[in-house]
Number of protein chains: 4
Amino acid sequence: MLNVTIWNEFVHENIHQEVKAVYPTGIHMALAEGLAHPDFIIRTATLDQPDHGLTQDVLDSTDVLLWWGHMAHDKVSDEIVDRVVKRVLDGMGLIVLHSGHFSKPFKALMGTSCDLKWREAGEQELMWSVNPTHPIAEGITGPIIIDQEEMYGEFFDIPAPDELIFISNFSGGEVFRSGCTFKRGHGNIFYFRPGHETYPTYRNPEVLKVISNAIRWAPSKAGKQVFGNSQPIRPLQIPVV
Amino acid sequence: MLNVTIWNEFVHENIHQEVKAVYPTGIHMALAEGLAHPDFIIRTATLDQPDHGLTQDVLDSTDVLLWWGHMAHDKVSDEIVDRVVKRVLDGMGLIVLHSGHFSKPFKALMGTSCDLKWREAGEQELMWSVNPTHPIAEGITGPIIIDQEEMYGEFFDIPAPDELIFISNFSGGEVFRSGCTFKRGHGNIFYFRPGHETYPTYRNPEVLKVISNAIRWAPSKAGKQVFGNSQPIRPLQIPVV
Amino acid sequence: MLNVTIWNEFVHENIHQEVKAVYPTGIHMALAEGLAHPDFIIRTATLDQPDHGLTQDVLDSTDVLLWWGHMAHDKVSDEIVDRVVKRVLDGMGLIVLHSGHFSKPFKALMGTSCDLKWREAGEQELMWSVNPTHPIAEGITGPIIIDQEEMYGEFFDIPAPDELIFISNFSGGEVFRSGCTFKRGHGNIFYFRPGHETYPTYRNPEVLKVISNAIRWAPSKAGKQVFGNSQPIRPLQIPVV
Amino acid sequence: MLNVTIWNEFVHENIHQEVKAVYPTGIHMALAEGLAHPDFIIRTATLDQPDHGLTQDVLDSTDVLLWWGHMAHDKVSDEIVDRVVKRVLDGMGLIVLHSGHFSKPFKALMGTSCDLKWREAGEQELMWSVNPTHPIAEGITGPIIIDQEEMYGEFFDIPAPDELIFISNFSGGEVFRSGCTFKRGHGNIFYFRPGHETYPTYRNPEVLKVISNAIRWAPSKAGKQVFGNSQPIRPLQIPVV
């Protein structure tokens, strides 16, 4: 059983009619529904809740956190960002979705600007696996075809990912490293590109399959690391001065 | 010609007699002397200077910045740290030395705790190349032998380096990834382990050779990236709804 | 349930008394015993069997193959090597042990000489994890201490591993990348250093734990890849000439 | 001054009129012309020459070898392949072009099938840099636009490259890792996708710029490695039995 917390800023859906039309109960609820599985205990959290719904208790009992944000990145308090980052370094899995590339926790964990090219033109995205045996790509045999999506294009200013899993082709001619893993401290991080708020991408079964695979892949196990002043294992051989 | 700025917190040398005995004019001056070469225009900067000696002008005219800090990491102002990080992302090379693993700029660029094991016991360090054709390892044929050094031991909490160049063996039994490269934005970063303040490590010719190699390797060239809203290269094929 | 085949050249144990004294029934039988677990269906195979015990049927029904060889690398027929390599590329896991670094299948999969330094002096090996959350390192909290082993030292002429998991420190001063993963085709490969024939290394519980972890990690799932002439997903936009 | 040898099987140009029309003197001569620079001493070699033009002397005096082959991969003798592979491992740079993905030397160095999807439909290729500060991408600011090329599509069965530099987008919807580096032994290898024999791709200034950059990047320097039986650096600490 995995404890999954889906965080969504939940702003677009309240103020933009076209987004509300696609996700009437919010992106987090659509994801919660689409990812529902007996192996997952799913909770949601949103920006407007106390502590943005991410109290220490919630994070401590979360195996994998999903993060969707866009227009309200700045509204996320630095204290909560620190809390999230610390939990990732301590082993909580983190799945950063779409415009979450510019979220504070992702930027803090990457150390780079995480900037990219984009275009809102409802063009077709074809997402190809370049790592077909990776657990995150399990069950994805051909390209994932998304008929209408926002374009994201390279150069995507991230560190070289530990593993590159998906690359997208957009009608307009761009490419994008759409599925990337990063290990930071004890935490496994998966960045997954699709999911613009004006398209029903999070109802696409293959997109949900990838996120579901990533949830199973993300948690990690390791005892607390020993840092600091250490005793030698062997008698030291101090050179004669 | 490369513009090199050597930053040193320059605190130990002023308050600890045993350090002053080793580096009477400071670690930065020892490095400046040891790295002197017609290809390098070397400046130094220290914590106690205005802006810690790292004004925007200094950074803008620096191709490669070396960083040595230890007991005064906290004294480095966040504003200067942001300035340094931004310049690295824009293409300035950064060489982080020894206890600089815990410096604010390095931690911000790595996104991890950068913690490790350590022991001050003057034990022998043997540093082996695992990437002998890397420009940073040029001219290093056998292990670099440092008779007395502080031990740093794994687990070293960094992201998997883009390239691993040196691994150290300590008498007491530990190992350490002592030479690691990371690319962040346009900036090349080299972390290099040796250089405890109580030993004359920065007078070791092979240690200086590695740093010198890294200075030549670190600068990068690339025009400013284009980010943001982009025009398609090809006519879009909007799927018929 | 995983089908595990342990391949051992089984020559030293028959002709060298000191080896026979350590592994009277062969390294393969010691491994089979030490790795016994309800999740594993273990078979063994040796050089002197028809097809070296590695018929197509055996390989096709093997999820993970372990390989120990040393003095008889040349005696392994190229036909069987091709068969093994092909099965790895098709998704069979491969765990290459100790002197297997010079085996034909490993060299064919790496494309390099796989050469290294060595010394038979019964010195102490301390093996440290640099990837503590990797499934192969699960349950390994401190260094693995092996009181007497053959030394292997860098430079180890392999491609940069996809993941570096363990690094060894030897009394005599060397280091070695002792636990390395490589993905080739659909196959996951783990090289694991310890296991000289004159020491009872394969009775060390932590060494067995690592091999056992690697067996669980190694198998991969992916449908057969589609290669060759492909139809376009989108109508082609042939530029007007 | 760099000694560059351009190897071309030179078969298509002799038997297919449409190829001869594009490259009347052969792909090797077009490359030699396009890459001409005072820093390069360029020679060519072809399949029909004694030793395919790749005598030991030629290879020993070659800093960087370019390889173009397609329909005659099988005609390249295994002895010459071994010679080429050995020189790469000893430090000769290797640039493998287009259909050279299936050449014997590249497959031997990769250890995988190197298979891929393809389509000959004269469609547009847009090649984007994902590593803008890499020396091989120097001077390439936007996508490289090739109006007509053969499509190559993922999954491309290679080991994860050490560095990924270019990704292509094809009109028909595929993506491809078009610029990849690999270090094998002392040798730097660059695989570069474009260059189907029926299109004048090797007259495209940006394609030539990338190849030219790769020629400057490829050579490596390192003394001969010391392998084999080694003396300890430190007195051994043999555990008391």
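To be clear, the structure that these remarks concern was listed above.
Residues numbered from 1 in each chain as written. Chains lettered and ligands numbered in written order. Predicted model: local features only at pLDDT ≥ 70, side-chain atom pairs only at ≥ 80, totals over all residues. Heavy atoms only, no water.

Now for the relation of the copies chain A and chain B. It takes a turn of 180° to lay chain A on chain B, together with a shift of 0.0 Å along the axis; the resulting RMSD is 0.0 Å. Within this description, the copies of the chain are treated as partners about a two-fold rotation axis. The position closest to the rotation axis in chain A is occupied by the C-alpha of Gly111 of chain A, lying 2.8 Å away. (Least-squares fit on C-alpha atoms with pLDDT ≥ 70 in both.)

The next thing to look at is the packing of aromatic side chains. Residue and element names in this part refer to chain B. All told, the structure shown has 40 aromatic pairs over all chains when counted by the stated rule. Look at Phe106 and Phe182: their rings are 6.2 Å apart centre to centre, the planes differ by 70°, and that puts the pair in the edge-to-face class. Highlighted residues: Phe106 in helix α6 (residues 104-110) and Phe182 in strand β8 (residues 175-184), separated in sequence by 76 residues. Each member of the pair, Phe106 as well as Phe182, carries the same accessibility label: buried. (Phe/Tyr/Trp six-rings, centres within 6.5 Å; stacked < 30°, edge-to-face > 60°. Helix = DSSP H or I, 4+ residues; strand = E, 2+ residues; numbered from the N terminus. Buried < 20%, exposed > 50% of the residue type's maximum accessible area, 1.4 Å probe, protein only.)

The next subject is the pairing of strand β8 (residues 175-184) of chain A. Residues and elements named next belong to chain A. The buried fraction of β8 amounts to ten of the ten residues, a majority that puts the element mostly inside the structure. The sheet contact formed by strand β7 (residues 163-170) and β8 spans six bridges and is antiparallel. Among the inter-strand pairings, Ile167 is bridged to a residue of β8, identified as Arg177. Taking the residues between adjacent antiparallel strands as the criterion, β7 and β8 are bridged by four residues, where Gly173 takes a positive phi near 120°. The pairing of β8 with strand β9 (residues 187-192) spans six bridges and is antiparallel. From the neighbouring strand, Gly179 faces β9, where its bridge partner is Phe192. Hairpin connection from β8 to β9: two residues lie between these consecutive antiparallel strands, with Gly185 at a positive phi of about 60°. (Pairing = 2+ DSSP bridges.)

Mapping chain C onto chain D calls for a screw motion: a turn of 180° about the axis and a shift of 0.0 Å along it, with 0.0 Å RMSD after fitting. Looking at chain C, 100% of its interface residues are interface residues in chain D too, so the copies touch through the same face. (Contact = heavy atoms within 4.5 Å.)

With an omega dihedral of 10°, the bond running from Glu154 of chain A to Phe155 of chain A counts as a cis peptide bond. The residue Phe155 of chain A is located in the loop between β6 (144-153) and β7 in this model. Located in the positive-phi region is His98 of chain C, a residue other than glycine, with phi close to 45°. Among the structural elements, His98 of chain C can be located in the loop between β4 (93-97) and α6 (104-110). The exposure class assigned to His98 of chain C is buried, which follows from its relative accessible area of 0%. Look at Cys114 of chain C: it is not a glycine, yet its phi comes out positive at around 60°. Inspection of the secondary structure assignment puts Cys114 of chain C in the loop between α6 and β5 (117-129).

Looking now at the interface of chain C and chain D. Often, the extent of an interface is quoted as the loss of accessible area on bringing the components together. Across the boundary between the two partners, chain C contributes 46 residues, which contact 46 residues of chain D. Approximately 3,500 Å² of surface area, both sides summed, lies buried where chain C meets chain D, with 56% of it carried by carbon and sulfur atoms. At the boundary of chain C and chain D, one finds zero salt bridges. Those elements that provide at least two residues to the side of chain C that touches chain D are α6, β5, β6 (144-153), β8 (175-184) and β10 (228-229) of chain C. With six residues, β5 of chain C is the single largest residue contributor to the side of chain C that touches chain D. Here the side of chain C that touches chain D is composed, by residue class, of 20 nonpolar, 15 polar and eleven charged. Looking at chain direction, β10 of chain C and strand β5 (residues 117-129) of chain D are connected through two bridges and run parallel. Directly across from Asn229 of chain C, in β5 of chain D, lies its bridge partner Trp118 of chain D. (Buried area = accessible area lost by both parts, 1.4 Å probe. Salt bridge = Lys/Arg side-chain N within 4 Å of Asp/Glu carboxyl O. Nonpolar A, V, L, I, M, F, W, Y, C, P; charged D, E, K, R; others polar.)

All quantities given are derived from atomic positions and should not be read as evidence of function.
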